[in-house]
Amino acid sequence: MRAAPMTLLFPSALLGVALLLAGCAGSATPPPDPATPPTVATGAPPGGTSTPPVPADPLTADPPDGTTALDPSRVEVRGLPPGFPTLVWTRGPRTLGVYGRAGGCTEASAQLVEQTAQEVTVRVLQTTTSPGPCTRELRYPPLEVTLAQDLGARRVVLTGEVR
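Just so you know, these numbers come straight off a predicted model, no measurement behind them.

Draft legend 1. Main features of the pairing of strand β6 (residues 106-115). Relative to strand β7 (residues 119-128), β6 runs antiparallel, the two being bridged by nine bridges. Bridge pairing in β7 places glutamate 114 opposite threonine 121. Between β6 and β7, which follow one another and run antiparallel, lie three residues.

Structural data, given as structure tokens:
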């Protein structure tokens, strides 16, 4: 009684294995053509060659739109931490602008420290806002201060501090 079911199962098992092997052989991927360079999926739409604009580096950038860069010979840097931009611009006769430095757990601000007949002193601050954990991005936001009188021919002194 047991011999009959084994003899029926064995040919069915062989047929299943044969069909499985035949199915695998038909789906084999041909080897890549060596003349065609490999590609990596980027998520970009096919055929598109446009790339997003790269923001200007404020360490070497122009001032924001609608402003005028101050001649660098009129800017004196005293105690500005390394990596802070030194570009100064004007927006009209009483507005001075500088780039700050901020990131994941820091904010940037500018303070008008002193105004004399010869010079205007601006302090750029980078202030820690949280002990972390912090992301490591670095931003250079434009900051502006308003003068009591027109800048005229006065020099601008840049100082800075990391708190």
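Draft legend 2. Quick look at the sheet that holds strand β9 (residues 142-146). Strand order in the open sheet formed by four strands is β1-β3-β4-β9, with antiparallel pairing between adjacent strands. Two strands in the sheet have a free side with no partner beyond their single neighbour: β1 (68-69) and β9.

Draft legend 3. View of unusual backbone geometry. Here glycine 132 and proline 133 are connected by a cis peptide whose omega angle stands at 5°. With respect to the helices and strands, proline 133 occurs in the loop between β7 and β8 (138-139).

Draft legend 4. Summary view of the pattern of salt bridges. One pass over the structure, following the stated rule, counts six salt bridges. Between glutamate 76 and arginine 78 there is a salt bridge, with its nearest N and O atoms 2.6 Å apart. We classify glutamate 76 as partly exposed; its relative accessible area is 25%. Given the relative accessible area of 37%, arginine 78 is considered partly exposed. One salt bridge in this structure joins glutamate 76 and arginine 155, with 3.3 Å as the shortest N-O distance. Of this pair, glutamate 76 sits in strand β2 (residues 75-77) while arginine 155 sits in strand β10 (residues 155-162), and the two are 79 residues apart along the sequence. One network of salt bridges, in which partners are shared, links Glu76, Arg78, Glu119 and Arg155.

Definitions and cut-offs
Residues numbered from 1 in each chain as written. Predicted model: local features only at pLDDT ≥ 70, side-chain atom pairs only at ≥ 80, totals over all residues. Heavy atoms only, no water. Pairing = 2+ DSSP bridges. Helix = DSSP H or I, 4+ residues; strand = E, 2+ residues; numbered from the N terminus. Salt bridge = Lys/Arg side-chain N within 4 Å of Asp/Glu carboxyl O. Buried < 20%, exposed > 50% of the residue type's maximum accessible area, 1.4 Å probe, protein only.

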